Number of protein chains: 2
Amino acid sequence: METERRRRATVKDVALEAGVSRGTVSRVLNGQPYVSEDARAAIEAAIARVGFVPNRAARSLVMQSSQAIGLIVHEPHSLFVEDPNIASILLGANSALSEADYQLSCLIADTPRDVDRLARYLSGGLIDGVIIVSARVGDPITRAVVELGLPAAFVGNPRDIGDAAHVAIDNRGSAREITKRLAGTGRRRVGMVAAALDRDSGADRLAGFVDALGGDFDPQLVERVPFYSFSDGKAGMKRLLDRVPDIDGVFASSDAVAAGAIEALREAGRRIPDDVGIVGFDDSSWALRCDPPLSTVHQPADQLGSAAARAVLAQLDGQTFTAPILLESPIVWRESA
Amino acid sequence: METERRRRATVKDVALEAGVSRGTVSRVLNGQPYVSEDARAAIEAAIARVGFVPNRAARSLVMQSSQAIGLIVHEPHSLFVEDPNIASILLGANSALSEADYQLSCLIADTPRDVDRLARYLSGGLIDGVIIVSARVGDPITRAVVELGLPAAFVGNPRDIGDAAHVAIDNRGSAREITKRLAGTGRRRVGMVAAALDRDSGADRLAGFVDALGGDFDPQLVERVPFYSFSDGKAGMKRLLDRVPDIDGVFASSDAVAAGAIEALREAGRRIPDDVGIVGFDDSSWALRCDPPLSTVHQPADQLGSAAARAVLAQLDGQTFTAPILLESPIVWRESA
DNA sequence: CTGAAAGCGCTAACAG
DNA sequence: CTGTTAGCGCTTTCAG
């Protein structure tokens, strides 16, 4: 069944078919005024008849814009699969862009090779702006974007982006609050499984934890792990338990980490929240899946996405500076502490 | 800090700078032979000096190809967030395309408006081919793609795609096998929480279940729910339990559904696997998170993605027909049954 | 209101 | 080996 890929109709074909010039066709295509009703009708009919669909590459070339914006996810494999926040951010961004009739294209940077290709792709003019999720300090993609002067908005608070637009939550403040609240349930030895310290969010959550404990802070009580993942949470909690057997409270960097920690705690025979209270961060679907349900910090992931999208749109619209946007991240108290 | 977006350098600038013609520049850009070493060196230096990056819109226009392929996810909100398979498919596709130096662009179709915009976008020539995840029967995107004759590969087995390329697992056969095995543990009343019957995978899993039970099949024992989700699993299991209190085995359409069902079962005071055995489908991260760990069918999600990507690449390469690809989906037996 | 013509940045013949 | 010349399909002056 050789689906013969016939040549696609162009403005020229439409013009011919409608008996007008290409200029006029272009005018109706772009909804411009000063086209007679007759011409408009003839052209619209012709478009339908020949099955014309504008070629975006051509349009992008002349307009120097593509009506598409990219969302770059730069995460290790595992996290991308496990982190429900990313999908929510994506959906939030998509719906905001959709309203403005922009196409969202999600681009993933998995290997160094991907990073290179992506940097070229971004410079290619097929993307008008980008939303960058989980940038890391010194990230080559970030660098490429700022060098290009491509309109961009970051989700999170990377340290090296100057005054580029970004939307975030107050990780440090929220971490401080929830730690205080955890301590307030009468815990004496509260520790932390601290993940992703190479990321602003991870570092800030640890800082907030330290803030909260103030003078009571004991470095022994924090266990560092690389990723916001279930398995790292479990492994980290095990080590923490070995080192500090009398621990009675733990703040996990994320809900996934908390879920892993809970498993380790349970395997060690600790009851939650009786023996040890635990709190997480994100209020992702992990939180409700935990047993008991997790007390955590609500992260408005979809709003992060839509706010970032709007920030990019504003720049496309000529806005030259976007003040950092900070979204509310309330504590959700459930039964794990 | 007005980042003046200076005019980007073009081949012309490079040619001028290197003292050659644009044709020659183009030749080195595309790695073609018949360029003197001198010219090549001069051009490469010039490229670096003026910071030239080729404009993809222009190249796409003349080449009629963009080196980008789209992966369309057409899922309701909730599922996209909850389903780890999608992310794995995405990653698998990305790595296969990456090897061929193609850019993967993930496009999401959430609202009807998205669907329209997407159909236009696909026709625009900025995408050379598509991988379609979870198409539904009569899907307008599917229709647009086949009408366009755009190289495509489906993940799954939609019914109305003619002989379009697709890669899938044998949902029906695997469902049959795991149901038999569940029944083989001595269960007398085995039911099913059957999700997503509007999708080929959902319908096939139910068919496999019916196959396995043969004469013993009792329609009372299947409870239908709309989505492959935790919450639908829980709700469905509750109803099933009300209707058939003596149920002692259940096959859930997916791991997420199984996880929800387990919660319902537990709330009803049933022990697993003692009182009721339960099995799922997907072998996603849900499976290990369940307590006890879930027996399930392993779905090689990343391989589905990479195989689909290769199928699209083959078509781009001129291949005119791709036989359906069926991947292995072995049973993974754990402790939930 | 509309046609003609120029040109976006790049590649691809075709002569040299 | 290399320069010249046409376009790819679309928008946009600029004259009518």
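A short tour of the structure in this document, coming up. The residue count restarts for each chain, going from 1 along the sequence in the order it is written. Naming scheme: in the order in which they are written, chains are lettered from A and ligands are numbered from 1. Predicted model: local features are reported for residues with pLDDT of at least 70 only, side-chain atom pairs are reported and counted for 80 or more only, and whole-chain, interface and lining totals are derived from all residues. To obtain the side-chain values, all non-hydrogen atoms of the structure were included, while hydrogens and water were left out.

1. What to know about the protein's contact with DNA strand C
If even one non-hydrogen atom of a residue comes within 4 Å of a molecule or strand, that residue is called near it. Around DNA strand C there are 28 residues in total, and Ser21(A), Thr24(A), Arg27(A), Ser36(A) and Val11(B) lie nearest to it. The protein-proximal atoms of DNA strand C, defined as those within 4 Å of the protein, are 71% sugar or phosphate. We call two N or O atoms a polar contact when they sit within 3.5 Å, provided that within protein one can donate a hydrogen and the other can accept it, with sequence-adjacent residues counted only if both atoms are side-chain atoms. Note that a phosphate oxygen of DNA strand C is positioned 2.9 Å from one of the backbone N or O atoms of Ser21(A). Note that a base nitrogen of DNA strand C is positioned 3.4 Å from one of the side-chain N or O atoms of Arg22(A).

2. Topic: the packing of aromatic side chains
Here is the rule: rings of Phe, Tyr and Trp (six-membered ring for Trp) pair when centre to centre is within 6.5 Å. Planes less than 30 degrees apart are stacked, more than 60 are edge-to-face, and the remainder are tilted. Per the counting criterion, the structure on display carries eight aromatic pairs over all chains. Note on Phe230(A) and Trp286(A): the rings are 5.6 Å apart at their centroids and 15° apart in plane angle, and the pair reads as stacked. With Phe230(A) in helix 11 (residues 230-243) and Trp286(A) in helix 13 (residues 285-289), this pair connects stretches of sequence that are 56 residues apart. Aromatic ring contacts, followed pair by pair, group Phe209(A), Phe217(A), Phe251(A) and Phe281(A) into a single cluster. Above the ring of Phe281(B), the side-chain terminus of Arg205(B) is found at 3.8 Å from the ring centroid. A cation over an aromatic ring shows up here: Arg289(B) above the ring of Trp286(A), its NZ or CZ 3.8 Å from the ring centre. Segments assigned H or I by DSSP are reported as helices when at least four residues long, segments assigned E as strands when at least two residues long, and all are numbered from the N terminus. Only when the NZ of Lys or the CZ of Arg is both within 6 Å of the ring centre and within 35 degrees of the ring normal is a charge said to sit over the ring.

3. What about the sheet that holds strand 9 (residues 277-279) of chain B?
Residues and elements named next belong to chain B. DSSP-based pairing: two strands are paired if at least 2 bridges between them are found. Ordered by their spatial adjacency, four strands build an open sheet running 7-6-8-9, and the pairing between neighbours is parallel. The open sheet has two edge strands with one neighbour each: strand 7 (222-225) and strand 9. Mean inter-strand twist for the sheet, computed between neighbouring axes without regard to direction, equals 15°. Across four bridges, the pairing between strand 6 (residues 190-195) and strand 8 (residues 249-252) is parallel. Pairing of Met192 across the sheet is with Phe251, part of strand 8. Contacts between residues were defined by any pair of non-hydrogen atoms, one from each residue, lying within 4.5 Å. In this analysis an axis means a line fitted to C-alpha atoms, helices contributing only their contacting stretch, and an angle means the value between N-to-C directions, from 0 to 180 degrees. Against the sheet, helix 9 (residues 171-183) contacts strand 6, strand 8 and strand 9, and its axis sits at roughly 165° relative to strand 8. Contacting strand 6, strand 7 and strand 8, helix 10 (residues 200-213) crosses the sheet at an angle of about 165° to strand 6.

4. Some details on the packing of helix 9 (residues 171-183) of chain A against helix 10 (residues 200-213) of chain A
All names here are of chain A. Look at helix 9 against helix 10: their axes get within 7 Å of each other, and the N-to-C directions meet at 40°. By the criterion of interaxial angle, the relationship of helix 9 to helix 10 is oblique. Regarding helix 9 and helix 10, the two cross each other, and that crossing is right-handed. Where helix 9 abuts helix 10, its residues Asn171, Arg172, Ala175, Arg176, Thr179 and Lys180 lie against Ser201, Asp204, Arg205, Ala207, Gly208, Phe209, Asp211, Ala212 and Leu213. Its residues assigned to classes, the contact of helix 9 with helix 10 shows five nonpolar, four polar and six charged. Here roughly perpendicular refers to angles of 65 to 115 degrees, roughly parallel to angles under 35, roughly antiparallel to angles over 145, and oblique to all remaining angles. Should the near helix be turned anticlockwise from the far one by less than a right angle, the crossing is left-handed, and should it be turned clockwise, the crossing is right-handed. Just so you know the grouping, Ala, Val, Leu, Ile, Met, Phe, Trp, Tyr, Cys and Pro go in nonpolar, Asp, Glu, Lys and Arg go in charged, and all remaining residues, Gly too, go in polar.

5. Observations concerning the sheet that holds strand 6 (residues 190-195) of chain A
The strands that make up a sheet pair up through hydrogen bonds in the backbone, lying either parallel or antiparallel. Residue and element names in this part refer to chain A. Strand order in the open sheet made by the four strands is 7-6-8-9, with parallel pairing throughout. Two strands in the sheet have a free side with no partner beyond their single neighbour: strand 7 (222-225) and strand 9 (277-279). Across the sheet, the mean angle from the axis of one strand to that of its neighbour is 15°, orientation sign disregarded. Along the sheet, helix 11 makes contact with strand 6, strand 7 and strand 8 (249-252), crossing strand 7 at roughly 150°.

6. Things to note about the protein's contact with DNA strand D
As a structural note, the neighbourhood of DNA strand D is formed by 29 residues, with Val11(A), Ser21(B), Thr24(B), Arg27(B) and Ser36(B) the closest of them. Per the 4 Å cut-off to the protein, sugar and phosphate atoms form 66% of the nearby atoms of DNA strand D. In the environment of DNA strand D, a phosphate oxygen lies 2.7 Å from a nitrogen or oxygen atom belonging to the side chain of Thr24(B). A distance of 2.5 Å separates a phosphate oxygen of DNA strand D from a polar side-chain atom of Ser36(B). Its residues assigned to classes, the surface near DNA strand D shows 13 nonpolar, 11 polar and five charged.

7. Looking at the pairing of strand 8 of chain B
Residue and element names in this part refer to chain B. Along strand 8, one buried face is formed by Gly249 and Phe251 and the opposite face, lined by Val250 and Ala252, is buried too. Judged from the three bridges that link them, strand 8 and strand 9 form a sheet pairing that is parallel. Within strand 9, the position partnered with Val250 by the bridge is Ile278. Handedness rule for crossovers: strands pointing away from the viewer, path from the first strand over the helix to the second running clockwise, crossover right-handed. On the question of chirality, the crossover connecting strand 8 to the parallel strand 9 by way of helix 12 (residues 255-267) is right-handed. Under the scheme applied here, a residue whose accessible area is under 20% of the maximum for its type counts as buried, over 50% as exposed, and between as partly exposed, the area being computed with a 1.4 Å probe on protein chains only.

8. Focus on the pattern of salt bridges
The term salt bridge refers to a side-chain nitrogen of Lys or Arg lying within 4 Å of a carboxyl oxygen of Asp or Glu. Taken as a whole, this structure holds 32 salt bridges over all chains when the rule is applied. Among the ionic pairs, Lys234(B) bridges to Glu263(B), the shortest N-O distance being 3.0 Å. Of this pair, Lys234(B) sits in helix 11 (residues 230-243) while Glu263(B) sits in helix 12, and the two are 29 residues apart along the sequence. A relative accessible area of 17% means that Lys234(B) is categorised as buried. Glu263(B) gets classed as partly exposed once you look at its relative accessible area, which sits at 24%. Linked through salt bridges whose partners overlap, the residues forming this network are Asp101(A), Arg113(B) and Arg120(B).

9. Side note on the interface of chain A and chain B
Listed by partner, the interface residues are 55 residues for chain A and 55 residues for chain B. Joining two parts hides part of their accessible area as seen by a 1.4 Å probe, and the buried area is that hidden amount summed over both. Taking both sides of the interface into account, the surface hidden between chain A and chain B amounts to around 5,100 Å²; carbon and sulfur atoms contribute 54%. Taken as a group, Leu91(A), Gln103(A) and Arg117(A) account for 13% of the area that chain A buries against chain B, more than any other trio of residues on that side. At the surface where chain A touches chain B, the tally comes to four salt bridges. As a salt-bridge pair, Arg113(A) and Asp101(B) come within 3.0 Å of each other at their nearest N and O atoms. Scanning the region where chain A abuts chain B turns up 22 residue pairs in polar contact (both at pLDDT 80 or more). Mapped onto the side of chain A that touches chain B, the elements with two or more residues apiece are helix 4 (56-63), helix 5 (77-82), helix 6 (84-99), strand 2 (103-108), helix 7 (112-123), helix 8 (140-148) and helix 13 of chain A. For the side of chain A that touches chain B, the element with the highest residue contribution is helix 6 of chain A, accounting for eight residues. Considered class by class, the residues forming the side of chain A that touches chain B number 26 nonpolar, 14 polar and 15 charged.

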